[in-house]
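Now for the letters of each chain:
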Amino acid sequence: MSVAIHISHARKVYGENVIIPDLSLDVKEGEFFTLLGSSGCGKTTLLRMIAGFNTIEGGDFFFNEQRINDIPRNKRNIGMVFQNYAVFPHMTTFENVAFGLEQRHVKDPEKTIRVEKMLDMVQIASLRDRKPQNMSGGQQQRIALARAIVIHPDVLLMDEPLSNLDAKLRIEMRGAIRTIQKQSGITTVYVTHDQSEALAVSDRIAIMHRGIIQQVGTPLEVYCHPSNLFCASFIGESNMLEATALGGRRIGFPDGGSMEIPFLSGQEEGRKVKVCVRPDEFVFSDTGVSAKVVARTFLGSSYEYQVALQAGTTVKVETGTHHAVLEEDEPVHLSFDPSIVNVFDSGSGDSLMVRA
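Residues numbered from 1 in each chain as written. Predicted model: local features only at pLDDT ≥ 70, side-chain atom pairs only at ≥ 80, totals over all residues. Heavy atoms only, no water.

**Brief notes about the layout of surface pockets**
Gaps left between atoms are located by rolling a probe of water-molecule size over the structure's atoms. Of the voids in this model, the largest pocket is the one considered here, and its volume is about 540 Å³. The wall of the largest pocket is formed by 21 residues, among which Ile78, Gly79, Met80, Arg104 and Ile151 lie closest to the centre. When residues of the lining of the largest pocket are traced back to their parent elements, those giving at least two are strand 6 (78-81), helix 2 (93-103) and helix 4 (137-149). Tallied by class, residues from the lining of the largest pocket come to 11 nonpolar, 5 polar and 5 charged. (1 Å grid on protein atoms, 1.4 Å probe; cavity = no way out; pocket = protein on both sides within 12 Å on 5 of 7 lines; lining within 4 Å. Points joined across faces, edges and corners; volume = space filled by probe spheres on them. Helix = DSSP H or I, 4+ residues; strand = E, 2+ residues; numbered from the N terminus. Nonpolar A, V, L, I, M, F, W, Y, C, P; charged D, E, K, R; others polar.)

Below, the structure is given as structure tokens:
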């Protein structure tokens, strides 16, 4: 069965280095929950604390109502999938997947039934008798996933499982992992630094920075409604435009233009703010801010432009290939929909938006 995970005031210290100062988090039963952040942010450290590989210097970890801090890792009923697959090269696919069941003294016919069912689920039944050295990275990762799930764990922990795969295979495998997790219903905590991967597979995402959770939300929430400047710049690409509050929901730009931001909380005049506009939120139009194309890059499904504004700022603009192709040094006008952008306090970096 799956469990809910509750973490209260977790603390992790290595020597004099505080990796996680004070972290609280709830993961729902059966949820695909992703810890997202750059290298060194503490996401793998937290995963290893859940697994029992790292000591806990403070706080409490629960599976449902059971406190697990002092439970040995081999008694926590956890399935693990690692970055390097960790499959046994001398064993066949069947033997690799059956390994955990044998350690739990599961005998035939149940062992064979469970292994074969899992091989079908991860779509490698045809590789039953093949050894890992004769397989692709994606096939080996499916073995690792099957081995982790076949033991019927309460929690599945996955640490950067796709980072060793090429770009095309990563996309294929993230879809497979998402499907398999939903079929199994196992509470899953997934660690990655890849924002696209996190957006594609997760029910919810926790964005981490320096051991602190910056935001928890659905993929749509963290992308469209980031809680601070760090999240806005970490998830996707962002143009940050300097502006000044003119009172209420109105802001003014350095070039003298101004606009009403519908979901901006009421602001006192003079407050310095930053407006986050994604590259695909800019529109080339007949009206708007005067600008000039500096550079153009073809990306296959889109064009990416570097565009210089009159105020001296250069922004990134992305358009589909159906849009008329613009040339370098071509004068243009830029606009954006004020109802979809985000505004942040320039000092604290906190979001100033109010949404229903």
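**As for the sheet that holds strand 12 (residues 250-252)**
Pairing in this open sheet of 5 strands is antiparallel, and the strands run 13-12-11-14-19 from one edge to the other. The sheet terminates laterally at strand 13 (258-260) and strand 19 (342-345), the two strands that pair on one side only. Across the sheet, the axes of successive neighbouring strands diverge by a mean angle of 40°, strand direction being ignored. Sheet topology note: the strand 12/strand 13 ladder contains 3 bridges and is antiparallel. Bridge assignment links Arg250 to a residue of strand 13, and that residue is Glu260. (Pairing = 2+ DSSP bridges. Axes fitted to C-alpha atoms, helices over the stretch in contact; angles between N-to-C directions.)

**Things to note about helix 1 (residues 43-51)**
Working note: α-helix, 3.6 residues per turn, so residues spaced by three or four point in the same direction. Across the 9 residues that make up helix 1, a large majority, 7, are buried. Once helix 1 ends, the next one or two residues include Gly52, with phi positive near 100°. (Buried < 20%, exposed > 50% of the residue type's maximum accessible area, 1.4 Å probe, protein only.)

**Description of the environment of Asn96**
For Asn96, the position within the fold is in helix 2. One polar contact links the side chain of Asn96 to the main-chain carbonyl oxygen of Met91, over a distance of 3.2 Å. (Polar contact = N/O pair within 3.5 Å; in protein donor to acceptor, adjacent residues only side chain to side chain.)

**Description of the nonpolar core**
Residues Leu145, Leu156 and Ile177 are the most contacted members of the largest nonpolar core, which totals 36 residues. Sorting the residues of this core by element identifies helix 2, helix 3 (110-121), helix 4, strand 7 (155-159) and helix 5 (167-184) as the ones contributing at least two each. Ranked by the residues each element gives to this core, the list is headed by helix 4, at 6 residues. Ignoring anything within four residues of it in the chain, the contact list for Leu145 reads Val81, Leu156, Met158, Ile177 and Ile180. (Core = buried A, V, L, I, M, F, W, Y, C linked by side-chain atoms within 4.5 Å. Contact = heavy atoms within 4.5 Å.)

**A look at the sheet that holds strand 15 (residues 282-298)**
Read from one edge of the open sheet, 4 strands run 17-16-15-18, paired in antiparallel fashion. The open sheet has two edge strands, strand 17 (314-320) and strand 18 (331-336), and neither has a second partner. Within the sheet, the average angular offset between the axes of one strand and its neighbour, ignoring direction, is 55°. The sheet contact formed by strand 15 and strand 16 (residues 302-309) spans 7 bridges and is antiparallel. Across the sheet, Arg296 pairs through a bridge with Tyr305, a residue of strand 16.

**Section: helix 3**
In a regular helix each residue adds 1.5 Å, so 12 residues correspond to 16 Å; helix 3 covers 16 Å between its end C-alpha atoms and thus fits that length. Of the surrounding elements, those touching the buried residues of helix 3 are helix 2 and helix 4. Gln123 lies just past helix 3 and shows a positive phi near 65°. (Expected span 1.5 Å × (residues − 1).)

**Thoughts on unusual backbone geometry**
In the segment running from Asp108 into Pro109, the intervening peptide bond is cis, with an omega of 10°. Position of Pro109 among the secondary structure elements: in the loop between helix 2 and helix 3. Even without glycine at this site, His152 takes up a positive phi of about 60°. Structurally, His152 can be placed in the loop between helix 4 and strand 7. Using a relative accessible area of 47% as the deciding quantity, one classes His152 as partly exposed. Even without a glycine there, the phi angle at Arg210 is positive, about 55°. In this structure, Arg210 sits in the loop between strand 9 (204-209) and strand 10 (212-217). Its relative accessible area of 67% is what places Arg210 among the exposed residues.

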